[in-house]
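Structural features, examined
Each chain is listed here by its residues.
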Amino acid sequence: MNITVCIGSSCHLKGSRQVVEQLQQLIAQYNLKDQIELSGKFCIGNCVNGVCVTVDEQLFSVQPDNTEEFFHNHVLPAFQS
Amino acid sequence: MRKFDTKVQHLKYKVLREVARVAWQDQLLEKMPDIPKIIVPTDTATMRCCVYKERAIVTERIKLALGGDQSNPNVIEVIDIACDECPVDGYSVTEDCRGCIAHRCEDVCKRGAITFDEHQKAHIDKSKCVECGQCAKVCPYSAITNRKRPCQNACKVHAISMDENKAALIDNNKCIACGACVYQCPFGAIMDKSFIIDIIDLLKKSENNTKYKVYAVVAPAIASQFTYATLGQALSGIKELGFYHIVEAALGADMVAYEECKELAEKGFLTSSCCPAFVDYIEKQFPQLKEHISHNLSPAATIARYIKKTDPTSKIVFIGPCTAKKMEFQKEQVRPYIDSVMTFEELQALYDSRDIDITKLGEDVLNNASYYGRIFARSGGLTDAVQQGLKERDLADFDYKPIACDGIEACRMALLRASKNALPNNFIEGMACVGGCIGGAGCLTHGEKNKNDVDKYGMLALEKDISSAISLMNL
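Residues numbered from 1 in each chain as written. Chains lettered and ligands numbered in written order. Predicted model: local features only at pLDDT ≥ 70, side-chain atom pairs only at ≥ 80, totals over all residues.

What about the overall build of chain A?
Scanning chain A from terminus to terminus reveals four helices and four strands. Overall, chain A shows an N-to-C arrangement of helices and strands of β-α-α-β-β-β-α-α. In terms of overall dimensions, chain A is globule-like: its C-alpha atoms have a radius of gyration of 12 Å, near the 12 Å expected for 81 residues. With respect to the three principal axes, the spread of C-alpha positions in chain A is 35 × 20 × 20 Å. Across the 81 residues of chain A, 37% fall into the buried class. Long-range pairs, those at least 24 residues apart, make up 67% of the contacts in chain A with a sequence separation of at least 6. (Helix = DSSP H or I, 4+ residues; strand = E, 2+ residues; numbered from the N terminus. Rg over C-alpha atoms; globule rule 2.2 N^0.38 Å. Buried ≥ 20, exposed ≤ 12 C-beta atoms within 10 Å, placed from the backbone. Contact = placed C-beta atoms within 7 Å.)

Quick look at the sheet that holds strand E4 (residues 58-61) of chain A
Residues and elements named next belong to chain A. The mixed open sheet is built from four strands, whose spatial order is E2-E1-E3-E4. The sheet is open, and its two edges are formed by strand E2 (37-41) and E4, each paired on a single side. With strand direction ignored, the average angle separating the axes of adjacent strands in the sheet is 25°. Judged from the three bridges that link them, strand E1 (residues 2-6) and strand E3 (residues 52-55) form a sheet pairing that is antiparallel. Residue pairing across strands places threonine 4 opposite threonine 54, the latter belonging to E3. Of the strands in this sheet, E1, E2 and E3 touch helix H2 (residues 16-29), which is tilted by about 160° from E1. (Pairing = 2+ DSSP bridges. Axes fitted to C-alpha atoms, helices over the stretch in contact; angles between N-to-C directions.)

Side note on helix H4 (residues 51-65) of chain B
Each turn of an α-helix holds 3.6 residues, which means side chains three or four residues apart point in the same direction. Residues and elements named next belong to chain B. With 15 residues, H4 should reach 21 Å at 1.5 Å per residue; the first-to-last C-alpha distance of 20 Å fits that figure. Residues of H4 that are buried: Ile57, Val58, Glu60, Arg61, Ile62, Leu64 and Ala65. Here the buried face of H4 lies against helix H1 (7-24), helix H3 (35-39), strand E1 (76-78), strand E8 (190-192) and helix H9 (196-205). Phi turns positive one or two residues past the end of H4, at glycine 67, with a value near 120°. (Expected span 1.5 Å × (residues − 1).)

Observations regarding the sheet that holds strand E9 (residues 214-218) of chain B
Residue and element names in this part refer to chain B. On the basis of which strands lie adjacent, the open sheet formed by four strands has the order E10-E9-E12-E13 and parallel pairing. Each end of this open sheet is capped by a strand with a single partner; those strands are strand E10 (245-248) and strand E13 (340-343). On average, each strand axis in the sheet is inclined to that of its neighbour by 25°, with strand direction left out of account. Against the sheet, helix H15 (residues 344-353) touches strand E12 (315-320) and E13, its axis set at about 85° to E13.

Some words on the environment of aspartate 89 of chain B
Note on placement: aspartate 89 of chain B falls in the loop between E1 and strand E2 (90-93). C-alpha separation for the pair aspartate 89 of chain B and arginine 149 of chain B, spaced 60 residues apart in sequence, amounts to 9.2 Å.

A short note on the pairing of strand E15 (residues 427-431) of chain B
Residue and element names in this part refer to chain B. Taken across its five residues, E15 has five buried, putting it largely inside the fold. Residues Phe427, Glu429 and Met431 line one face of E15 and the alternating positions Ile428 and Gly430 line the opposite face, and both faces are buried. Sheet analysis places strand E11 (residues 270-271) next to E15, joined by two bridges and oriented parallel. Following the sheet pairing, leucine 270 is matched in E15 by phenylalanine 427. As paired strands, strand E14 (residues 402-406) and E15 are joined by five bridges and run parallel to one another. Pairing of isoleucine 403 across the sheet is with isoleucine 428, part of E15. As a crossover connection, the stretch from E14 through helix H18 (residues 408-419) into E15 is right-handed. (Right-handed = clockwise from strand over helix to strand, strands pointing away.)

What about the packing of helix H11 (residues 249-267) of chain B against helix H17 (residues 381-392) of chain B?
Residue and element names in this part refer to chain B. The contact between H11 and H17 brings their axes to 8 Å, and the two run at 70°. Considered as vectors, H11 and H17 are oriented roughly perpendicular to each other. Between H11 and H17 lies a crossing whose hand is right-handed. Residue-level inspection shows Ala253, Ala257, Tyr258, Glu260, Cys261, Leu264 and Ala265 of H11 in contact with H17, the latter providing Ala385, Val386, Gly389 and Leu390. Grouping the constituent residues of the contact of H11 with H17 by class yields nine nonpolar, one polar and one charged. (Parallel < 35°, antiparallel > 145°, perpendicular 65-115°, else oblique. Left-handed = near helix turned anticlockwise from the far one by under 90°. Nonpolar A, V, L, I, M, F, W, Y, C, P; charged D, E, K, R; others polar.)

A look at the interface of chain A and chain B
Across the boundary between the two partners, chain A contributes 14 residues, which contact 16 residues of chain B. Looking at the side of chain A that touches chain B, the elements with two or more residues in it are helix H1 (9-14), H2 and E2 of chain A. The class makeup of the residues in the side of chain A that touches chain B is six nonpolar, six polar and two charged.

Here's the deal with helix H19 (residues 450-459) of chain B
Residues and elements named next belong to chain B. Buried within H19 we find Asn450, Lys451, Asp453, Val454, Tyr457 and Gly458. Each buried residue of H19 sits inside an arc of 160° when the element is viewed along its axis, so together they form one side. In this fold, the buried residues of H19 make contact with helix H16 (371-374). (Arc of directions from axis to C-beta.)

Quick word on the nonpolar core
All names here are of chain B. Membership of the largest hydrophobic core comes to 162 residues, with the highest contact counts inside it found for Ile190, Tyr215, Val217, Ile303, Ile338 and Ala432. No other element matches H11, which puts 11 residues into this core. Mapped onto the domain boundaries, this core takes at least three residues apiece from domain 1 (7-84 + 150-194) and domain 3 (197-474). Setting aside residues no more than four positions away along its own chain, alanine 432 makes contact with Ile176, Cys178, Cys275, Ala277, Phe278, Tyr281, Ala324, Ile408 and Cys411. (Core = buried A, V, L, I, M, F, W, Y, C linked by C-beta atoms within 7 Å. Domains from an automatic or database assignment.)

Topic: the domain arrangement of chain B
Split by domain assignment, chain B resolves into domain 1 (7-84 + 150-194), domain 2 (90-147) and domain 3 (197-474). Placing the centre of domain 1 of chain B and that of domain 2 of chain B at their C-alpha centroids yields a distance of 37 Å.

Things to note about the pairing of E4 of chain A
Residues and elements named next belong to chain A. Pairing analysis gives four bridges linking E3 to E4, with the strands arranged antiparallel. The residue bridging threonine 54 from the neighbouring strand is leucine 59, located in E4. From the end of E3 to the start of E4, which pair antiparallel, there are two residues, and aspartate 56 there has a positive phi angle of about 45°.

Notes on unusual backbone geometry
Across the junction of glycine 50 of chain A and valine 51 of chain A, the peptide omega takes the value 5°, indicating a cis bond. Locating valine 51 of chain A in the fold gives a position in the loop between E2 and E3. With phi around 75°, glutamate 57 of chain A is a residue other than glycine that occupies positive phi space. Position of glutamate 57 of chain A relative to the elements: it lies in the loop between E3 and E4. Given 7 C-beta atoms within 10 Å, glutamate 57 of chain A falls into the exposed group. Residue glutamate 131 of chain B is not a glycine yet carries a positive backbone phi of 60°.

Quick notes on the packing of H11 of chain B against helix H13 (residues 299-310) of chain B
Residues and elements named next belong to chain B. The N-to-C vectors of H11 and H13 enclose an angle of 100°; their axes lie 7 Å apart at closest approach. Overall, the two elements H11 and H13 adopt an arrangement that is roughly perpendicular. On H13, the residues that touch Ala249, Leu251, Gly252, Ala253, Met255 and Val256 of H11 are Pro299, Ala300, Thr302 and Ile303. Residue composition of the contact of H11 with H13, by class: eight nonpolar, two polar and no charged.

Shown next as structure tokens:
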């Protein structure tokens with residue numbers, strides 16, 4: 001699975017670093033380091049709804065305070081089936 | 001509301017603007033011949049002997065706006081017919097000489113070059129004078145002046161001489177493309193080649209960033225520019241021109257600082273590699289010190305490399321205060337990352353070529369780098385950032401003895417001492433322009449406040465330290 005977090009200015013100001021840090025932690029916690037490629041990209045093109053995160057091309061809007069929820073709803077299920 | 005320091009810059013800008021205007025319309029060939037008349041519209045000469053000469057010079061400026069002489073690898077070029085062949089007599093005694101009794105000038109002259117006529121007025125024997133300037137210093141009436149061409153005076157690497165027609169001639173083996181002469185020539189006879197046509201082409205062929213994305217990497221010195229509007233508006237203007245996204249070169253500076261402090265601690269002695277003119281200067285004048293140049297790419301190239309990693313088909317344009325960057329991006333190590341370069345002057349011309357009034361635009365944001373990355377724009381900033389890097393990487397034990405040199409003369413002094421093992425410092429921050437990048441020849445304006453503007457901009461950074469700013473780069 002590829003997760004890309006927008007690190008453009010607009011998303012950065014909305015907390016992309018915190019989102020990345022939480023995702024890194026969660027990925028480690030669930031031992032998914034080998035299965036998830038986490039990367040950054042300058043501007044995903046939906047600045048208004050930042051922080052923009054794509055999971056295998058599907059676009060999500062994530063904030064530092066709902067990153068964990070996002071991970072449980074949209075990332076984890078793919079590995080639990 | 002003044003956009004430029006001098007009327008020469010304004011003239012150069014007008015030509016760039018008009019060339020860009022027809023390039024956007026795909027009418028370069030058809031409309032180019034009309035440009036001299038647009039710039040010099042009336043039949044009354046205001047700059048030269050006649051309007052025909054004025055227009056002929058504009059035609060030469062157009063050539064430079066289109067990329068200049070392809071057979072000349074240097075990006076700094078002399079417009080021969082614009083060179084006014086300023087006098088070059090060096091030290092001479094003026095009418096102000098009072099014919100005094102003290103004759104300090106005679107006493108101080110070690111070469112015996114001063115003689116006196118029957119009115120006791122001093123004269124300098126050119127065959128003996130070595131242009132040391134001591135006589136001018138001691139004359140109580142300031143009656144001895146040094147008539148030197150402004151371009152030669154500005155050129156601290158002594159790359160400018162005269163050709164057989166007395167026009168300025170640039171020695172490419174010495175020139176470091178800092179642009180000091182471009183900014184200082186009162187006739188605008190020396191210009192930096194422009195790549196705006198390539199940039200317009202890149203933007204157009206991207207078809208609104210659908211074919212590929214065009215990123216602007218903007219130097220932190222922008223904080224001191226476009227002060228007739230806000231920084232956010234200047235950024236909006238860049239997007240309005242068709243750029244997909246803007247990234248701070250200062251983020252590359254953070255990445256460089258983080259690596260450079262480690263390199264310094266490992267090697268024990270290092271010079272910075274951020275300023276392309278400084279690097280070029282070492283390579284040309286102090287080749288024996290070459291191995292001590294930091295192996296990091298410049299901040300602009302470093303961040304461009306990262307952007308290309310995240311978006312391999314992207315095109316990257318560096319926008320900054322620097323003419324030497326126009327040389328740097330053509331280097332083999334940098335070419336894969338930076339596709340083109342323009343100055344703030346050229347950015348202003350591009351805005352106006354599209355009739356974009358940035359003061360009417362909304363505010364865009366630019367916030368990737370830390371305070372330390374941003375202050376690279378002014379002298380001493382890089383030195384502070386390396387210090388901070390040492391602290392953040394637990395290398396604070398390293399005995400850091402930096403020297404920040406701005407202006408080629410200061411750089412030369414430090415390099416000279418280093419080459420003789422007589423420099424007490426172990427890190428040389430070298431910036432070819434006085435004040436650092438904010439003194440760059442491609443700036444619209446140069447002023448006392450610029451340093452404060454950069455520091456203020458640094459304080460506005462979301463990330464307070466280098467590690468936080470670059471943590472996302474390691475993904």
